[in-house]
Protein chains: 2
Amino acid sequence: MVTLAEVAQHAGVSASTVSYVLSGKRSISTSTRQRVEESIRRLGYHPNAGARALASSRSNIIALMIPLRTDMYVPVMMEIAIAVATSARTHGYDILLLTGEEGPDAVRRVTGSGLADAMILMDVELDDERLPLLRGTDQPSVLIGLPADTTGLTCVDLDFRATGALCVEHLAKLGHRDIAVIGEAPAVYERHTGFAERTLDGLRARARELELRLLHRPCEGGYDAMAATLARVFDERPDTTGFVVQNESAVEPLLALLRQQGRAVPEDVSVVAVCPEQVATQASVRLTSVAVPAQEMGRHAVQQLVAKLDGRGSDEVVLLAPELTVRASSGPAPAGP
Amino acid sequence: MVTLAEVAQHAGVSASTVSYVLSGKRSISTSTRQRVEESIRRLGYHPNAGARALASSRSNIIALMIPLRTDMYVPVMMEIAIAVATSARTHGYDILLLTGEEGPDAVRRVTGSGLADAMILMDVELDDERLPLLRGTDQPSVLIGLPADTTGLTCVDLDFRATGALCVEHLAKLGHRDIAVIGEAPAVYERHTGFAERTLDGLRARARELELRLLHRPCEGGYDAMAATLARVFDERPDTTGFVVQNESAVEPLLALLRQQGRAVPEDVSVVAVCPEQVATQASVRLTSVAVPAQEMGRHAVQQLVAKLDGRGSDEVVLLAPELTVRASSGPAPAGP
DNA sequence: GAGGGTTGTCGAAGCGCTTCGACACCTTTC
DNA sequence: GAAAGGTGTCGAAGCGCTTCGACAACCCTC
């Protein structure tokens, strides 16, 4: 294993000089720098991460806490995780992957041991038990998601309230008066993961303003659950012509069931989805949708965090503006009876 | 920040004694141990990861390299990643998340800097450019997947060859003579990710033995691609009654299209999928399938790696035996004309 | 009761790096 | 031409931990 001292000797300079070449924290003459860099290359030197962390009390690692559940909105999580990892690397950071399993203990462990310089938390619940710990430490952190109380916290999320409003507006503009919302699984609402509720708020508020009738039904993913839900919807509101879906794994079942019932999309029924682009474009009908900008959220979170680590930046809540893309699943409401 | 020295002072012992209490590498009297543990708790001591890594040249971190692509078999990847993370924690290791993006450089960086003690690589190609590096280092590693040449490597994977054979056998037993294989996207075959080709080998070999006719068509995910593929299949082999699908995002489109064409599953056509359990049970028809045991693979990989790190264990290839679960998508072949 | 093992604890030497202050040298500036 | 101010380099201290050898103190055994 090659050490800094060996590089220094090889280049005929002192260890500290090599260190300064590496960090750029003091000016170094061009000739010396080149000599040192040449030695580094020739010897195949890699700074030792542990020693670095010890001496500088900076690990250059960001901890990313992802939910343990693998049953919900997986592709979104994965996309965020990968965006975070990729983006972190461009800033010189590596990602430590923590699962939600350990809960608050993971936060304690990481901040206490100096394993990571900062944290990104995903799948934040409205009243998350990790939040007090984050507020009580001076280690920077960013949440992806929005808890009930954001004081002293930095958050990044899609503006789900606006998302809900946008969906309703789009359907209203097309003349739909009865709208059904196929929501996430009941468990999601029970855990009070804010995004589902905020979407619903947005939907309801705008529906009230526009004087539309709105029916909300949570729905487990899958075909059977969707069939049951759909039956209930048409039972209670036979005139429903607009659907808003916020559950990736209910999208395709819904389309299949509508087709099976002889309801054409978009002639008889319009569908708007809140989902990743890929789901929208790969579905059996190209879906009018509001995209969940997973990558952008990941990148944004890293940016905020790096800013904090550099002493810039401060606590703030960033809500990304939703964008609705019209595709083939929505159209004018059918003429009334 | 509390240090080991402070704990030692508080407990009235030397620093080394505290260290030995923590590591258990020397025997400590019960009374001393208890005193030290009490001090640790009272002071809220957490060992500093950097210092530990420096002194012991062990970081207690395992690097996990996942593919950058977010377009293929994402849920499987995610499930493996989470299983790896969870399982690693039970052995006292944390996970460093690397994306495939950096390629071989990531391997160099991690082994060179001592950032991690070992690596797990996913999405290994048949002739992966990272392999020479792994062979050339004494840092333990485990591959999830199977390259062409496994000498000097440890690998964990599903036995995809047996998986293919199993699918064909099942359909043959039900009397199907013409079988179509809906494969992964062409890109997967082009990258020579072994699993798709091994499945195909297994399918073909057994089909030959059982004197079945087999048609293989790669297929991008999504509805449109599937529609085109399906048209070609029935065009070339109108008597096809059995389908084997190895592309999660083609499963639901296939079912929808068959339904649309008036072909009943399983009365007219049988479908066998190679996919995670969740996909099989949530599809519009409960699918007869061979599960991809993502969690088990992740756990296994960690176990192997920990064994190596402890000086036990050696290079070997573990192929998990596939299991076919019969559900509602396969049945006897329809009587001939 | 002297020799030989255990057992439990300690001191000290690093692990490889960062960083601070010092200092020699070279420009400016008036 | 002396004071003031840069620049570029070095030496040394130390980050918090592990681990090795040393060594008391104790228990056997013949």
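Residues numbered from 1 in each chain as written. Chains lettered and ligands numbered in written order. Predicted model: local features only at pLDDT ≥ 70, side-chain atom pairs only at ≥ 80, totals over all residues. Heavy atoms only, no water.

Visitor: What is the right way to look at the pattern of salt bridges in this model?
Guide: Working definition: two side chains of opposite charge can pair if their charged atoms are close together. For the structure shown, the criterion picks out 38 salt bridges over all chains. A salt bridge links Arg130(B) to Asp128(B); the shortest N-O distance between them is 2.8 Å. Given the relative accessible area of 8%, Arg130(B) is considered buried. Put simply, Arg89(A), Asp94(A), Glu102(B) and Arg109(B) are held in one network by salt bridges that share partners. (Salt bridge = Lys/Arg side-chain N within 4 Å of Asp/Glu carboxyl O. Buried < 20%, exposed > 50% of the residue type's maximum accessible area, 1.4 Å probe, protein only.)

Visitor: Could you clarify how one ought to interpret the relation of the copies chain B and chain A in this entry?
Guide: Both copies of the chain are related by a screw-like operation: a rotation about an axis and a shift along it. For the pair chain B and chain A, the superposition axis carries a translation of 0.0 Å, the fit reaches an RMSD of 0.1 Å, and the rotation angle comes to 180 degrees. Put plainly, the chains are arranged around a two-fold axis. Looking at the interface residues of chain B, 100% of them are also at the interface in chain A, so both copies use one shared face. (Least-squares fit on C-alpha atoms with pLDDT ≥ 70 in both. Contact = heavy atoms within 4.5 Å.)

Visitor: Got a minute to help me understand the side chain of Ser289(A) in this structure?
Guide: Residue and element names in this part refer to chain A. Mapped onto the secondary structure, Ser-289 falls in strand 10 (residues 288-291). What makes Ser-289 buried here is its relative accessible area of 0%. Of note is the side chain of Ser-289, whose polar atom sits 3.0 Å from the side chain of Arg-327. (Helix = DSSP H or I, 4+ residues; strand = E, 2+ residues; numbered from the N terminus. Polar contact = N/O pair within 3.5 Å; in protein donor to acceptor, adjacent residues only side chain to side chain.)

Visitor: How should the interface of chain B and chain A be read in this particular structure?
Guide: One widely used convention gives an interface's size as the accessible area the parts lose upon coming together. The partner chain A presents 51 residues to the 51 residues of chain B that form the contact. Of the roughly 4,100 Å² buried where chain B meets chain A, counting both sides, 65% is carbon and sulfur surface. If you sort the residues of chain B by the area they bury against chain A, Met78(B), Ile82(B) and Leu97(B) come out on top, with a joint share of 14%. Put simply, chain B and chain A have four salt bridges between them. Among the ionic pairs, Arg109(A) bridges to Asp94(B), the shortest N-O distance being 2.7 Å. Here chain B and chain A share twelve residue pairs in polar contact (both at pLDDT 80 or more) between them. At the level of elements, helix 4 (49-56), strand 1 (61-66), helix 5 (74-90), strand 2 (94-99), helix 6 (104-113), helix 12 (248-260) and helix 13 (277-282) of chain B are the ones that each hand at least two residues to the side of chain B that touches chain A. For the side of chain B that touches chain A, the per-class residue count stands at 25 nonpolar, 15 polar and eleven charged. (Buried area = accessible area lost by both parts, 1.4 Å probe. Nonpolar A, V, L, I, M, F, W, Y, C, P; charged D, E, K, R; others polar.)

Visitor: What is the right way to read the protein's contact with DNA strand C from this model?
Guide: The immediate surroundings of DNA strand C are formed by 26 residues, with Leu4(A), Arg26(A), Tyr45(A), Thr17(B) and Thr32(B) found nearest. In this structure, Tyr45(A) approaches DNA strand C through a side-chain N or O atom, which is 2.4 Å from a phosphate oxygen. Between a phosphate oxygen of DNA strand C and a side-chain N or O atom of Thr17(B), the distance comes to 2.4 Å. For the surface near DNA strand C, the elements supplying multiple residues, two or more each, are helix 2 (15-23) and helix 4 (49-56) of chain A together with helix 2 (15-23) and helix 4 of chain B. With four residues, the single largest contributor to the surface near DNA strand C is helix 4 of chain A. Partitioned by chemical class, the residues of the surface near DNA strand C number eleven nonpolar, eleven polar and four charged. (Near = heavy atom within 4 Å.)

Visitor: Whenever I open this one, the protein's contact with DNA strand D confuses me. Can you help?
Guide: Taken together, 26 residues form the shell around DNA strand D, and within it Thr17(A), Thr32(A), Leu4(B), Arg26(B) and Tyr45(B) come nearest. Between DNA strand D and the protein, one listed contact pairs a base oxygen with a side-chain N or O atom of Arg26(A) at 2.8 Å. Broken down by secondary-structure element, the contributors of at least two residues to the surface near DNA strand D are helix 2 and helix 4 of chain A together with helix 2 and helix 4 of chain B. Of the residues forming the surface near DNA strand D, the biggest block, four residues, is contributed by helix 4 of chain B.

Visitor: Where do I start with unusual backbone geometry in this structure?
Guide: For residues other than glycine, phi is negative in most cases, and the peptide bonds are mostly trans. With an omega dihedral of 10 degrees, the bond running from Val265(A) to Pro266(A) counts as a cis peptide bond. Inspection of the secondary structure puts Pro266(A) in the loop between helix 12 (248-260) and strand 9 (270-275). Residues other than glycine seldom take positive phi values, yet Glu211(B) does so here, at roughly 60 degrees. Positionally, Glu211(B) belongs in the loop between helix 10 (194-209) and strand 7 (213-217).

Visitor: Please clarify how the packing of aromatic side chains should be interpreted in this entry.
Guide: We describe a pair of aromatic rings using the distance from one ring centre to the other and the angle between the two ring planes. Counted according to the given criterion, the structure contains four aromatic pairs over all chains. A ring pair is formed by Phe234(B) and Phe243(B), whose centres lie 5.9 Å apart and whose planes are at 70 degrees; its orientation type is edge-to-face. The buried category is assigned to Phe243(B), whose relative accessible area is 0%. The lysine or arginine in question, Arg263(A), covers the ring of Phe234(A), its NZ or CZ lying 3.5 Å from the ring centre. (Phe/Tyr/Trp six-rings, centres within 6.5 Å; stacked < 30°, edge-to-face > 60°. Lys NZ or Arg CZ within 6 Å of the ring centre and 35° of its normal.)

Visitor: Please explain the pairing of strand 2 (residues 94-99) of chain A as it appears in this structure.
Guide: On a regular strand, each side chain points to the face opposite its neighbour's, so the side chains alternate between the two faces of the sheet. The element strand 2 of chain A is largely enclosed, with a buried count of six among its six residues. Alternating positions in strand 2 of chain A separate into two faces, Asp94(A), Leu96(A) and Leu98(A) on one and Ile95(A), Leu97(A) and Thr99(A) on the other, with burial throughout.

Visitor: Which parts of the structure should I look at to understand helix 5 (residues 74-90) of chain A?
Guide: Residues spaced three or four apart along an α-helix point in a common direction, a consequence of the helix completing one turn every 3.6 residues. Residue and element names in this part refer to chain A. Between the first and last C-alpha of helix 5 there are 25 Å, a value that for 17 residues agrees with the 24 Å anticipated at 1.5 Å per step. For helix 5, the buried fraction is high: 14 of the 17 residues fall into the buried class. Positive backbone phi, at 85 degrees, marks Gly-92, one or two positions downstream of helix 5. (Expected span 1.5 Å × (residues − 1).)

Visitor: Can you walk me through helix 8 (residues 160-173) of chain A in this structure?
Guide: All names here are of chain A. Along its 14 residues, helix 8 runs 20 Å from first to last C-alpha, staying within 8% of the 20 Å computed at 1.5 Å per residue. Regarding helix 8, the residues found buried are Phe-160, Thr-163, Gly-164, Ala-165, Cys-167, Val-168, His-170, Leu-171 and Ala-172. The N-capping residue of helix 8, defined by a side-chain oxygen 3.3 Å from the backbone nitrogen of Arg-161, is Asp-159. Just beyond helix 8, the residue with positive phi is Gly-175, at close to 95 degrees.

Visitor: When you look at the packing of helix 12 of chain A against helix 12 of chain B in this model, what are you seeing that I'm missing?
Guide: Angle between the axes and distance between the axes: these two values describe a pair of packed helices. Here helix 12 of chain A crosses helix 12 of chain B at 5 degrees, and the two axes come no closer than 11 Å. The orientation of helix 12 of chain A relative to helix 12 of chain B falls into the category roughly parallel. For the pair helix 12 of chain A and helix 12 of chain B, the contacting residues are Glu252(A), Ala256(A), Arg259(A) and Gln260(A) in the first and Glu252(B), Ala256(B), Arg259(B) and Gln260(B) in the second. Across the contact of helix 12 of chain A with helix 12 of chain B, the residue classes break down as two nonpolar, two polar and four charged. (Axes fitted to C-alpha atoms, helices over the stretch in contact; angles between N-to-C directions. Parallel < 35°, antiparallel > 145°, perpendicular 65-115°, else oblique.)

Visitor: Any chance you could explain the domain arrangement of chain A here in plain terms?
Guide: Residues and elements named next belong to chain A. On domain assignment, one finds that chain A holds domain 1 (4-47), domain 2 (61-158 + 294-320) and domain 3 (161-292). Taken together, the contact pairs 14 residues of domain 2 with 15 residues of domain 3. Around 1,300 Å² of area is buried between domain 2 and domain 3 when both sides are counted, 56% of it from carbon and sulfur atoms. The largest per-residue losses of area from domain 2 upon contact with domain 3 belong to Tyr-73, Leu-126 and Leu-158, which jointly make up 39% of the total buried on that side. Between the two partners, domain 2 and domain 3, sit two salt bridges. The tally of links from domain 2 across to domain 3 stands at four residue pairs in polar contact (both at pLDDT 80 or more). Those elements that place two or more of their residues in the side of domain 2 that touches domain 3 are helix 5 and strand 5 (155-158). (Domains from an automatic or database assignment.)

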